[in-house]
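# Descriptive analysis of the structure
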Amino acid sequence: MLSASNNALLLNNGLPQFQFFEIAHIQSSISQLIQQSHQQFLSLEEKLIQPLDNYSISELYQLTIEETEKIDYPLNYAWSMVSHLKSVSNSPELRKAYEESLPKIIEENTYTSQSQPFFHAIKRLKESNELSPLQQRIIDSSYQGMFLSGIGLTGSEKDRFNQITLSLGELSTSFSNNVLDSIKNYELYISEEKYKSSMKEMPKFALELFSQAAKEKYPDSSPENGPWKISLDGPSIMPFLSHCPSEELRKQVYLAFISKASNGKENNIPIIKQILNLKEERAHLLGYKNHVEVSLSEKMASSQDEIVKILNDLHDKAKPYAQNDMNELIDFMKNIHPTKEILELWDVSYYSEKLKESKYELKDEELKPYFPIDSVLKGLFQLAQELFNVQIEEVNWKEENIHVWHPDVKFFRIYDYFEENSSKTHIASFYLDPYSRPGEKNGGAWMDVCIQKSKVMNKLPLAYLICNGSPPIQASENTCMKPSLMNFNEVVTLFHEFGHGLQHMLTIIEDSLASGIQNVEWDAVELPSQFMENWCYHEETLKSFAKHYETGETIPSDLFQKIINLKNYHAGMSTLRQVYFGMMDLYLHSNSIQNEEEFISIQRKFAEKYLVKNIASEDRFLCAFSHIFAGGYSAGYYSYKWAEIMSCDAFGAFEEIGLENKEEIRLLGRKFRNTILSLGGSKHPSEVYEMFRGRRPNVDALLRQNGLL
Ligand code: ZN
């Protein structure tokens, strides 16, 4: 038995004790916690093997749900700390310790999720008709999760199910490996004289990137003179297609890009066929018609028809705008090149970028001085206070003996504020890790749960908010610190992650399996986060905090207008693209596909129907559609648009009453808090949404906010 003192993984009362975290503790602590929780789970199973009728329904609920929460807590706590630190303070040693413990964690999770006694108890509860609505919902989702993992099957069906699960895991790995390999195996070095003048017209950042990539083979490469290496991964190909003036080069790279993983050793077509067939067979074993039904059994969307209707509606309304975008682009091209007749597919990104630059030139550098991080945070917290009646206060963690994983991390408490007697109650806390630390911290931004609100464990919510802004800089010893200036995307991202955080922290549900973001259907999870993003495009809100860090000047209106125009630039075309992907995904997962050639014709058919420009005959986009064949989005790609529709529609409620009507906005903000932010996964998201909006979401607000109405 390890001693809990001086071991952050075992000290799980109160706030995390990061000062006692040591990599050397990981393996032994995790092993010990697994052993402990496994023993406790075995004795729980013992109790559940007794005839279930020996227990009253409330005793049984207490055993299966509350008892498991207590059993799981120490291990979950420790493992979430390890995972968190792996993403913000990574090192080879930490990664090694993590990887060594991971299989044991998976093994333990598999054991509990496949426990027959446990499943029977859940089933008994599900069918009892004696649970409260909240308990019923918790039990229903636990049941569904276990059911979809095949636990209810027996004999040869069970064997086949397990075989399919195994094969699908291998196939999705092969799928992504093929995509990765086909990217890796393509390289274009540009060094010929005839291309040099053309290459030199490209932006400096792109040339630096291409030259850096070429250095392995040509150590003398320079951004100015090449050679430059172009590859098919996003960070390389996007700037290339958007900026390379040579049509010949663009065509060559574009054609390679759209036929990724579709031939030779890396051909994904046979794999797609196997994946789709196996998912269909698995759906049948579980008693569903197809994989779409399986996917939707755990989503907010009620049926394929509902999604198809909404996506088609979006398509119909966005198409004229997309057509206009396209015509404008063609005219623009002809203006530059009067002899060029056709806007080819490899021309689209290039002229689109040029047109955008000519219409709304707006550089990150122009905006950044208006977004010093402290001012942005102040504005964000002010907004939260006005809308949701919470007070957010930064805590001086050094003074309060609170520990963090890096000196830059900030710590905040959220209070409920009572106007009647100006009193406040502490309801949640969060860490904010604002700056990038290349080499030890993952890129991007995210909100992660540190501690879940829980009655059983007597816990208030605690969250991690992680961003990757540029740290404050000191130019020289004698100058002042220049504060961290955020670019506009980082501001939007901060609002987004804070929205997730609000749902986690403002929950009033005390059953940890349904509190905060827990148990919220996957296609509804982005509602609060995207809702918060909308405020960045609201002039008054933005102007309340976008103040120049040196002069204090508020962001000028013309800059604000440029932000709006840029947001909506070619929104018609990008909407159609998302609809095209979403519809194709649903079709493929609800129809039996017999032969490999069919994929190509299906893709062409959907492109013809949903896009304004036909795809190239070489286009094999499906072969690299990793979201649905190697990620979690199969029969779920629609979620991107779905979440956007809902979040815009929710924001639309605020627009409808007029954003200048402060008092009514305040009341509506409270309503948003009391429904969407408070109820978490305790009710079906449609029900929660209707409590807030009084109706189902529709696409109008999304169209309006994207300039498509
Ligand atoms: Zn999100």
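Residues numbered from 1 in each chain as written. Predicted model: local features only at pLDDT ≥ 70, side-chain atom pairs only at ≥ 80, totals over all residues. Heavy atoms only, no water.

## Looking at helix 8 (residues 204-214)
Residues spaced three or four apart along an α-helix face the same direction, because each turn holds 3.6 residues. Of all the residues in helix 8, the buried ones are Ala206, Leu207, Phe210, Ser211 and Ala214. End-on view of helix 8: buried residues confined to an arc of 125°, all on one side of the axis. Seen from the buried face of helix 8, the exposed residues on the opposite side, beyond 90 degrees, are Lys204 and Gln212. (Buried < 20%, exposed > 50% of the residue type's maximum accessible area, 1.4 Å probe, protein only. Helix = DSSP H or I, 4+ residues; strand = E, 2+ residues; numbered from the N terminus. Arc of directions from axis to C-beta.)

## Description of the nonpolar core
Among the nonpolar cores identified, the biggest contains 191 residues, and Phe240, Phe371 and Phe388 are the most heavily contacted of them. With near-sequence residues (within four places) excluded, Phe240 lies in contact with Ile190, Met199, Met202, Phe210, Ile230, Leu249, Arg250 and Val253. Core analysis: the second largest hydrophobic core is formed by 36 residues, Leu10, Phe18, Ile34 and Ile466 among them. (Core = buried A, V, L, I, M, F, W, Y, C linked by side-chain atoms within 4.5 Å. Contact = heavy atoms within 4.5 Å.)

## Regarding the environment of Asp523
Mapped onto the secondary structure, Asp523 falls in the loop between helix 17 (488-505) and helix 18 (527-534). In sequence terms Asp523 and Ser89 are 434 residues apart; their C-alpha atoms lie 31 Å from each other. Once residues within four sequence positions are removed from consideration, Asp523 is found in contact with Lys299, Met300, Ala301, Tyr638, Ser639, Trp642, Ala643 and Met646. Here Met300 takes part through its backbone nitrogen, which lies 2.6 Å from a polar atom of the side chain of Asp523. Of note is the side chain of Asp523, whose polar atom sits 2.6 Å from the side chain of Tyr638. (Polar contact = N/O pair within 3.5 Å; in protein donor to acceptor, adjacent residues only side chain to side chain.)

## Focus on unusual backbone geometry
The omega angle of the peptide bond from Gly226 to Pro227 is -5°, so this bond is cis rather than trans. Structurally, Pro227 is set in the loop between helix 8 and strand 2 (228-230). A positive phi angle is found at Ala261, which is not glycine, with a value near 50°. On the secondary structure map, Ala261 appears in the loop between helix 10 (247-258) and helix 11 (269-285). Judged by relative accessible area, which is 3%, Ala261 ranks as buried. Unlike most non-glycine residues, His570 shows phi in positive territory, near 55°. Looking at the secondary structure, you find His570 in the loop between helix 20 (557-567) and helix 21 (571-588).

## What to know about the sheet that holds strand 7 (residues 462-469)
Within the open sheet, the 5 strands sit side by side as 3-4-5-7-6. Their pairing is mixed. One side of each edge strand has no neighbouring strand; the edge strands of this open sheet are strand 3 (390-395) and strand 6 (446-451). Strand-to-strand twist in this sheet, taken as the mean axis angle between neighbours without regard to direction, amounts to 30°. Pairing analysis gives 5 bridges linking strand 6 to strand 7, with the strands arranged antiparallel. Within strand 7, the residue paired with Met447 across the bridge is Leu465. Where helix 17 meets the sheet, it contacts strand 3, strand 4 (410-418), strand 5 (423-435), strand 6 and strand 7, and its direction lies at approximately 175° from that of strand 7. (Pairing = 2+ DSSP bridges. Axes fitted to C-alpha atoms, helices over the stretch in contact; angles between N-to-C directions.)

## Quick look at helix 13 (residues 304-336)
For helix 13, built from 33 residues, the straight-helix expectation of 48 Å at 1.5 Å per residue is met to within 8% by its first-to-last C-alpha distance of 45 Å. Its axis deflected by about 40° at Ala318, helix 13 carries its strongest bend there, up to four residues before the proline Pro320. (Expected span 1.5 Å × (residues − 1). Bend = angle between axes of the 7 residues up to and from the residue.)

## Structural notes on the coordination of the zinc ion
Taken together, His496 (NE2), His500 (NE2), Glu526 (OE) and Glu526 (OE) make up the protein donors of the zinc ion, found 2.1 to 2.7 Å from the metal. Of note, the donors binding the zinc ion are all from one chain and are spaced H-x3-H-x25-E. You can see His496 and its partner His500 sitting in helix 17, 4 residues apart, about one turn around the helix. (Donors = N, O, S within 2.8 Å, 3.2 Å for Na, K, Ca; no water.)

## Here we look at the side chain of Asp325
On the secondary structure map, Asp325 appears in helix 13. No salt bridge is formed by the buried Asp325; its nearest oppositely charged neighbour, Lys359, is found at 7.1 Å. In terms of polar contacts, Asp325 uses its side chain to reach the backbone amide nitrogen of Met573, at 3.4 Å. Here Asp325 is in contact with His570, Ala571, Gly572 and Met573, once residues within four sequence places are set aside. (Lys, Arg positive; Asp, Glu negative; His and termini not counted. Salt bridge = Lys/Arg side-chain N within 4 Å of Asp/Glu carboxyl O.)

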